[in-house]
Amino acid sequence: MPELPDVEGFRGVLADHTRAEIRRVDVLDAQVLRGVSGRRLDDALRGHHFTAPRRHGKFLVGPLDGGAAVLFHFGMTGELRWARDGDRHPHDRVVFVLPGGELRFRDMRKLQGIRFAADDDAVARILGGVGPDAMDVGRERFAELLTRRQVKATLTDQSVIGGIGNLLADEILWRARIHPRRKGADMSTEDVRWLHARMRTVLSAAIPTGRVPPRKSWLTGRRDEPAGSCPRCGTTLRHGRAGGRGTVWCPSCQPE
DNA sequence: GTGAATGTTCATTC
DNA sequence: GGAATGAACATTCA
């Protein structure tokens, strides 16, 4: 699931539970821990509390009082949820136990996971591999980032721009009427400006919903239908590959 | 059984 | 060197 809007939603979950003292960390599956042991994580967090969380690309940074931080990456199937009570789910991998309930990091496929940073430098090292956040990229910078590569490959490359995943990229390109395999270098200044503006439109609309909304008026609402039609012109959507990922586009609105 | 799934990384090939 | 492709990671579902 998680792309920028989803992670923004998880940020909200974490933000609701800052200041509460962490009683302990239950590591149910250490496979999701990256570069830190369960013991060390528990030692570092016990008795501390989260402070205002932030997001960079698809990373959620949960700073702790004292300067350390927990970094969450949700891969394709991760999520963070709050539970006051009730049974844990088999895919709950790490649980932060607070006084009134638990923050549960659930992740079926375990493709990414949780990292620990002892200080701001360590956070910066981890985030150093991620390009500017999609919501922070200005128009000029955006134009510089589009190279001769296929535009979808660029949009979804986290080292170039942080936060855009497969669904968002298709949604943005559809909204901008640009074919996913167009080369950045072949696009006019006007095209690039338009694409940048559509990116912001889609992100701004998706963030409050905490996901890429599967509305019928969006491409995302139709992409799973076997022969879905374009919400704009009714043409049957095309399914193919671009940037190494399954891709959906409208052959009429987004000519090659 | 097969292929694909909203992610990332590494190796390989052009 | 840049860009594209395929496999790998782990698990579920159509």
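Since the structure is predicted, the reported quantities are computational estimates derived from the model, not experimental observations. For every chain, the first residue of the written sequence is number 1, and numbering continues from 1 along that sequence. As they are written, the chains are lettered A onward and the ligands numbered 1 onward, keeping that order. Reporting in this predicted model follows two pLDDT cut-offs: at least 70 for local features of residues, and 80 or more for side-chain atom pairs to be given and counted; totals over whole chains, interfaces and linings ignore these cut-offs and use all residues. Remark: hydrogens and water are excluded; side-chain values derive from all non-hydrogen atoms of the structure.

## A closer look at the overall build of chain A
Now for step 1: Helix and strand labels come from DSSP, where a helix needs a run of H or I of at least four residues and a strand needs a run of E of at least two; each type is numbered from the N terminus. Within chain A, the secondary structure is distributed over seven helices and eleven strands.
Now for step 2: For chain A, the C-alpha radius of gyration of 20 Å lies close to 18 Å, the compact-globule estimate for 256 residues.
Now for step 3: For chain A, the C-alpha atoms occupy an extent of roughly 55 × 35 × 25 Å along the three principal directions.
Now for step 4: Looking at the 256 residues of chain A, the share that counts as buried comes to 49%.
Now for step 5: Whether two residues touch is decided by their heavy atoms; if any such pair falls within 4.5 Å, the residues are in contact. If you take every contact in chain A between residues at least 6 apart in sequence, the share linking residues at least 24 apart comes to 62%.
Now for step 6: For the area figures, the Shrake-Rupley method with a 1.4 Å probe applies, and any residue is considered shielded solely by the protein chains shown. Counting every atom, chain A has about 11,700 Å² of accessible surface; 46% of that belongs to carbon and sulfur.
Now for step 7: In this charge count, Lys and Arg are treated as positive and Asp and Glu as negative; neither His nor the chain ends contribute. Each charge is placed at NZ for Lys, CZ for Arg, CG for Asp and CD for Glu. With 43 positive and 32 negative side-chain charges, chain A shows a spacing of 5 Å between the two charge centroids. Our radius of gyration looks at C-alpha atoms and nothing else; its globule reference is 2.2 Å times the residue count to the power 0.38. Exposure is judged per residue with a 1.4 Å probe applied to protein chains only, and the accessible area is read against the type maximum: over 50% gives exposed, under 20% gives buried, and values in between give partly exposed.

## Section: the packing of aromatic side chains
Now for step 1: Each Phe, Tyr or Trp ring, with Trp reduced to its six-membered ring, pairs with another whose centre is within 6.5 Å; inter-plane angles below 30 degrees give stacked pairs, above 60 give edge-to-face pairs, and intermediate values give tilted ones. For the structure on display, the rule yields six aromatic pairs.
Now for step 2: Between Phe10 and Phe74, the ring centres sit 4.5 Å apart and the planes meet at 45°, which makes this aromatic pair tilted. Remark: Phe74 occurs in the loop between strand S5 (69-73) and strand S6 (78-83) and Phe10 occurs in helix H1 (residues 4-15); sequence separation between them is 64 residues. The residues Phe10 and Phe74 share a single accessibility class, namely buried.
Now for step 3: Between the aromatic rings of Phe72 and Phe96, the centroid separation amounts to 5.8 Å while the plane-to-plane angle is 65°, which identifies the pairing as edge-to-face. One end of the pair, Phe72, is in strand S5; the other, Phe96, is in strand S7 (residues 92-98), with 24 residues separating them in the sequence. In this structure, Phe72 and Phe96 share a single accessibility class: buried.
Now for step 4: A connected cluster of aromatic rings, assembled from ring pairs, spans Phe10, Phe50, Phe72, Phe74, Phe96 and Phe105.

## Remarks on the sheet that holds strand S9 (residues 113-117)
Now for step 1: Note on pairing: DSSP must find at least two bridges between two strands before they are called paired. Pairing within the open sheet is mixed, and its five strands lie in the order S2-S9-S5-S4-S3. Whereas interior strands pair on both sides, the edge strands pair on one side only; in this sheet they are strand S2 (33-34) and strand S3 (54-56).
Now for step 2: Sheet topology places S3 next to strand S4 (residues 59-63); three bridges connect them, and they run antiparallel. Bridge pairing links His56 to Phe59 in S4.
Now for step 3: Relative to the sheet, helix H2 (residues 38-45) contacts S2, S5 and S9, its axis offset from that of S9 by approximately 55°. A fitted line through C-alpha atoms serves as each axis, taken over the contacting stretch for helices, and the angle formed by two N-to-C directions is quoted from 0 to 180°.

## Things to note about the protein's contact with DNA strand C
Now for step 1: Residue proximity to a molecule or strand is established when one non-hydrogen atom of the residue lies within 4 Å of it. Near DNA strand C the following residues occur: Gln31, His91, Met108, Arg109, Lys110, Leu111, Thr147, Arg148, Arg149, Gln150 and Lys183.
Now for step 2: If you look at DNA strand C and keep only atoms within 4 Å of the protein, 72% of those are sugar or phosphate atoms.
Now for step 3: By the criterion applied in these results, polar contacts are pairs of N or O atoms within 3.5 Å in which, for protein atoms, one can donate a hydrogen and the other can accept it, and in which residues neighboring in sequence qualify only through two side-chain atoms. In this structure, Gln31 approaches DNA strand C through a side-chain N or O atom, which is 3.3 Å from a phosphate oxygen.
Now for step 4: Within the contact set of DNA strand C, a phosphate oxygen lies 2.7 Å away from a side-chain nitrogen or oxygen of Lys110.
Now for step 5: Among the residues making up the surface near DNA strand C, the classes are represented as two nonpolar, four polar and five charged. Residues are sorted three ways: Asp, Glu, Lys and Arg are charged, Ala, Val, Leu, Ile, Met, Phe, Trp, Tyr, Cys and Pro are nonpolar, and all the rest, Gly among them, are polar.

## A few points about the domain arrangement of chain A
Now for step 1: For chain A, the assigned domains are domain 1 (4-127) and domain 2 (134-249).
Now for step 2: Each of domain 1 and domain 2 has a C-alpha centre, and the two are 29 Å apart.
Now for step 3: In this assembly, eight residues from domain 1 lie in contact with 14 residues from domain 2.
Now for step 4: Each partner contributes to the roughly 780 Å² buried at the junction of domain 1 and domain 2, and carbon and sulfur atoms together form 70% of this total. The split of the chain into domains comes from an automatic or database domain assignment. Accessible-area loss on putting two parts together, using a 1.4 Å probe and summing over both, is the definition of buried area adopted here.

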